[in-house]
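Tertiary structure, described
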Amino acid sequence: NKNPEVILKIAAGAVIGLFVLDRLVLSPALHAWTSQSERLADLTKKVERGRQLLEREKSIRERWEEMQANDLPENLSAAENDVFQGIGRWARDSRISFTSLTPLWRVNEDASDMFECRASAVGDQASLGRLIYEIETDPLPAHVNECEFTARDAQGKQLALSMRFSFVRLTDAKKSTR
């Protein structure tokens, strides 16, 4: 009769021992292993991204130098002159006419200022598409922020374009870190 009690005590002790082993050793070890695997995967991604950046370093530096070379001048009048020359060039190359153009300087405390323009233009789909292309590919630091097309005739051959585009100018603080 004592033999079954001993076996039950040993079995109960073994179950309790396995439970304690699981709670104190196995579960924390598995959690640490999973956490370590996640950190390792994250570091592997960062190393790969760093390797890709190093491979592209020359082209990135060339692009940055090009952006700095094409930066708007520090003098506001000279910067505005460059912008308006660019706008005139875009209008001529895309064969459109601007019906309105409202410029606005946004001076920032950080590393850049922004010269923003709201414009309206009239033309056909090809000429207005060409205008957007000219803005986005111009060496000036220009970017189209918003644009909206509206048909001006029943066939949709004449379109009106309302858009907002901006130019970025690096300030002295940013240029000193070149």
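Residues numbered from 1 in each chain as written. Predicted model: local features only at pLDDT ≥ 70, side-chain atom pairs only at ≥ 80, totals over all residues. Heavy atoms only, no water.

**Structural notes on the nonpolar core**
- Grouped together as the largest cluster of nonpolar side chains are 23 residues, with contacts concentrated most on L72, W90, L131, I135, M163, F165 and F167.
- When residues of this core are traced back to their parent elements, those giving at least two are α3 (76-94), β2 (112-123), α4 (125-137), β3 (142-151) and β4 (159-170).
- If sequence neighbours within four positions are ignored, F167 has contacts with L72, V83, W90, D113, M114, F115, C117, L140, P141 and A142. (Core = buried A, V, L, I, M, F, W, Y, C linked by side-chain atoms within 4.5 Å. Buried < 20%, exposed > 50% of the residue type's maximum accessible area, 1.4 Å probe, protein only. Helix = DSSP H or I, 4+ residues; strand = E, 2+ residues; numbered from the N terminus. Contact = heavy atoms within 4.5 Å.)

**What about the side chain of S127?**
- Here S127 is to be found in helix α4.
- Residue S127 is classed as buried on the basis of its relative accessible area of 7%.
- Of note is the side chain of S127, whose polar atom sits 2.7 Å from the side chain of D124.
- Once residues within four sequence positions are removed from consideration, S127 is found in contact with S94, R95 and I96. (Polar contact = N/O pair within 3.5 Å; in protein donor to acceptor, adjacent residues only side chain to side chain.)

**Observations concerning the packing of aromatic side chains**
- For the structure on display, the rule yields six aromatic pairs.
- Taking the centre distance of 5.6 Å and the plane angle of 75° together, the rings of W90 and F165 count as edge-to-face. Linking W90 in helix α3 with F165 in strand β4, this pair joins segments that are 75 residues apart in sequence.
- Among the residues examined, W90 registers a relative accessible area of 0% and is labelled buried.
- Classification of F165 by relative accessible area gives buried; the value is 0%.
- Judged by centre distance (6.3 Å) and plane angle (45°), the rings of F115 and F167 are tilted. Taken together, the residues span a long stretch of sequence, with F115 in strand β2 and F167 in strand β4 at a distance of 52 residues. (Phe/Tyr/Trp six-rings, centres within 6.5 Å; stacked < 30°, edge-to-face > 60°.)

**Comments concerning the pairing of β4**
- Counting buried positions along β4 gives 10 out of 12 residues, so the element sits mostly inside the fold.
- Summarising the sheet, β2 and β4 pair through 12 bridges and their orientation is antiparallel. Directly across from G123, in β4, lies its bridge partner L159.
- Looking at chain direction, β3 and β4 are connected through nine bridges and run antiparallel. In the strand pairing of β4, F149 is matched with L161. (Pairing = 2+ DSSP bridges.)

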